[in-house]
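One letter stands for each residue in the lines below.
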Amino acid sequence: MSFPYRMLTGAITLAISLNLSAQTETASPPPLPSSAAQQLYASAQQDLLQLRVLLKNGNSQSSVGSGFLIGNSNLVVTNFHVVSQIALEPETYFGEYKDTQGKSGSIELLAVDVLHDLAVVRVARNGTGFFKVPHTPTQAPHTLASDQPALVKLTQGQHLYSLGNPLDLGFTISEGTYNGISARGFSDQLMFTGAVNAGMSGGPNVTADGQVAGVNVAHRLDGELVSFLVPVRYVQALLARVTHDMTPPTDFKPIIGEQLLEHQSVMVDKLLEKPFSIKDLGPYRVPVRESDQVRCWGNTDSSAKKAYTIASINCSMESAIFVSGDLQTGHISMHHKYAHNKKLNAMQFSKLASNMFNGQVYSTAKSETITPAACTEKFIAHNNISLRALVCAEAYHKFKGLYDFTLITASTDDSQMSLQSMINMQGVSYSNGMKLVEQFLQGLDRTTQKTGEKNRSGDAESTDDVEAQPLATKEASAQNSSKKVEAAQ
Amino acid sequence: MSQSIFVEQLTPDGEVLHRTKITQLPIRIGRAYDNDIILDDPHTAAHHAQIELSQLDELVISDLGSYNGITHANTRENFFVVNGDKIYRLGHTRLRIRTADYQVAAEVTDYTNHRWEGWLPAVTGLVLLSITGLVSTWVADLNQGTLSKYLLELVSVLGFAIGWSGIWALFSRLFNGHARFGRHLFIASVGLAGMEVWEHLSGVLAYALSWESLVTFTTAPVVVICALVLYFHMITVGNKRPGRLKIYLAALSILVIAITTTKKYQASNHFSDELYMGNIYPPVVRVSSDHSVDEFMDSMQSLQATVDEARKENPDKEDGEKVVKKSPKPESKPDPETETPEQNTEK
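Residues numbered from 1 in each chain as written. Chains lettered and ligands numbered in written order. Predicted model: local features only at pLDDT ≥ 70, side-chain atom pairs only at ≥ 80, totals over all residues.

Draft legend 1. Expanded view of the overall build of chain B. Scanning chain B for helices and strands turns up 12 helices and 11 strands. With 347 residues in all, chain B has 20% of them scored as buried. Restricting to contacts in chain B with at least 6 residues of sequence separation, those with at least 24 account for 51%. (Helix = DSSP H or I, 4+ residues; strand = E, 2+ residues; numbered from the N terminus. Buried ≥ 20, exposed ≤ 12 C-beta atoms within 10 Å, placed from the backbone. Contact = placed C-beta atoms within 7 Å.)

The structure is reproduced here in structure tokens:
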């Protein structure tokens, strides 16, 4: 599964003189003495750092990002994904910073916020006070925004400046505009129409008068200059939990685990705050969730040459939580495929259905992140549909209480059509996994007319019909189908 | 001496190399040319042994002072009273001595169907193989392929069966003097067709009766079919000890199944070859009953203990090598890094 977002950690091994590129950057518009960017860079460069994660064994760098010193403190804010290897495998990796003058020193990880992709590290120097994120310390794990000092207000179209060290080429500042909040994730991200490249991750994004608006985090590979920032209020909340002289936790895994558990409960609650919408695929009714976070795409393959048609609906969350290079979690997707026979023999069509059903789930004992799959399979009958269903569970090795689930089903009530559905959940609790599986199964149904002719005519109309028919509850769905029976009679 | 005596030289397998009829006793055996039976074995003496009647009128074989002597069942004696069922070893030579009144074993019933040789089994096998091959190709032919696809499929399967049988026929010819190609072809064809039939039959049965193990374990049936095919090929070649052959093949099959299962288990933590039953058949095939969603949810709940059991908090610590191996991974996840520079230069 690939996400359109790409994290911006650089891992480029070519070493280029940082000072040289930094100077050429600032010197580029000579006739105008004080452009906003020029002024900003001049005053910000003291507090701008490049953060690198290195292998203890061999000292070679494995990921590179940016960070910035907060106020006059020794605290540096960056992205979690920049320093994730230090958090998860401190016995293998260590971190280092490099400033705009090329001086370097060690870093110490103090706190992480996996959900918003933030981390705070401590360095052996103090900031000049350029990047201010006002915050009041609190011990409570969840700080309310109202308890904290007010932050900068942004308006769409406002100029913003991202700082960082893209692709390990040297420190840069890039100008762009603020374009509102993206609601594709479960927590807000600011949309920044400006260049943010790999290696600028964790760098600050400031307004023209130097107030921190957010932290560079990602950009879309399928777009131009579509970049994302972590809003500064999450930085504020994280900083409120950190002090300059605190002892860092010895093991970050339980902390990350807790944050992931918290996130999944928010995610699943949000997903289930209203029941699934029901869509028609042929005579079948399938559950989907279409919301800001989950996008659905439909597709039909019905070329006249083929002996069968396949219509599909795929719904997938557009965000996921980055935990490490080989673990992205907090993601849910749903898929429905409806195959309808045109010219095949019943045995051939069953072969097609088998091919579709087969090989969708596999189990590996080699993964360091998840356990091998444990599965159960049954023929089940409910509503007006009978199904072959398989569900597999995998637990996370490093994070207790988190699981991946895959449910696949195939309809078993018709020799001329096959509905195959799948829901895939990554990083949810067991009870939430059960809840989603059950609701998904309950959403699968079939309209009650079963004679071949009606199916075919009904099918021709509704194969491509992807119009939502929200049904309030299970009872409502039952009522609705009984009404349909009456209408048919 | 009232009756003739037969001295037989045997192979280590017990087959007769030479049979010498003796009418006069005593006789002398050895390498020298003045013996009654001349041995070409350098491990025997020039005058090695003598067969004679003792004072008690028993037939005995006695040592003439050779260095290697006469042994029976690894015991060396100066003389043995001859028993027609026993084998005496002189150096490397194995001798069996029987008198004319030796009671031979009863006639063995001939189960060999002598009409089932040549063209008849060959054609039957090929027809069987063609039918199963064509049916399988047709069922899997979802894109309505052309005739040439079927022909190609058929030619490759038949070609394999003929080639395979040819090799076995060569063995038969070598060991038995009789190629029996038709029979070998029949055996190979039945084996291949059997695998094809098993695949469909097991699928239908598993689906109909909810016997998922029939399709999730695919190695064992294939190995058993292969072992059966090998058994019949070897019997046809002329193996004289079917009992021992059965044991060998059974042991070999168990070994193969054990190795593949272990490999599978190490890779996926499952003994079965497939994680689940992937076959879907038309509703008419179904015999077993449906379950409710609640029952399904109950069995899903029971999986939690299994996966929790499989958790390892720190897989790295358990084997230090992994940490080292993992190190190139983060560097080789260059999707954000390598893609963006290219995009960057385009801009």
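Once you've had a look at it, read on.
Draft legend 2. Molecular detail of the domain arrangement of chain B. Here the domain parsing of chain B yields domain 1 (5-99) and domain 2 (119-268). On a C-alpha basis, the centres of domain 1 of chain B and domain 2 of chain B stand 49 Å from each other. (Domains from an automatic or database assignment.)

Draft legend 3. Up close: the packing of helix H2 (residues 147-176) of chain B against helix H3 (residues 181-209) of chain B. Residue and element names in this part refer to chain B. As a packed pair, H2 and H3 sit with axes 8 Å apart at the nearest point and diverge in direction by 135 degrees. On the basis of their axis angle, the class for H2 and H3 is oblique. Judged by the twist between their axes, the crossing of H2 over H3 is right-handed. Across the interface between the two elements, Val-157, Ala-161, Ile-162, Trp-164, Ser-165, Trp-168, Ala-169 and Ser-172 of H2 pack against Phe-181, His-184, Leu-185, Ala-188, Ser-189 and Leu-192 of H3. (Axes fitted to C-alpha atoms, helices over the stretch in contact; angles between N-to-C directions. Parallel < 35°, antiparallel > 145°, perpendicular 65-115°, else oblique. Left-handed = near helix turned anticlockwise from the far one by under 90°.)

Draft legend 4. View of the interface of chain B and chain A. Each partner contributes residues to the interface: chain B has 60 residues there, and chain A has 76 residues. Within the residue set of the side of chain B that touches chain A, elements represented by two or more residues are helix H1 (119-140), helix H6 (242-268), helix H7 (293-301), helix H8 (303-310), helix H9 (315-318), helix H10 (320-326), helix H11 (328-331) and helix H12 (335-346) of chain B. It is H12 of chain B that contributes the most residues to the side of chain B that touches chain A, eight residues altogether. Residue composition of the side of chain B that touches chain A, by class: 25 nonpolar, 19 polar and 16 charged. (Nonpolar A, V, L, I, M, F, W, Y, C, P; charged D, E, K, R; others polar.)

Draft legend 5. Spotlight on the environment of Tyr-161 of chain A. Residues and elements named next belong to chain A. By secondary structure assignment, the location of Tyr-161 is in strand S8 (residues 159-164). For Tyr-161, a count of 22 C-beta atoms within 10 Å corresponds to the buried category. In this view, Tyr-161 contacts Ala-37, Leu-40, Ile-173, Ser-174, Glu-175, Asn-205 and Val-206; residues no more than four positions away in its chain are not counted.

Draft legend 6. Representation of the domain arrangement of chain A within the structure. Residue and element names in this part refer to chain A. Domains assigned within chain A are domain 1 (5-249) and domain 2 (261-488). Of the residues lining the interface, 12 residues belong to domain 1; the matching set on domain 2 comes to 12 residues. For the side of domain 1 that touches domain 2, the class distribution of residues is six nonpolar, four polar and two charged.

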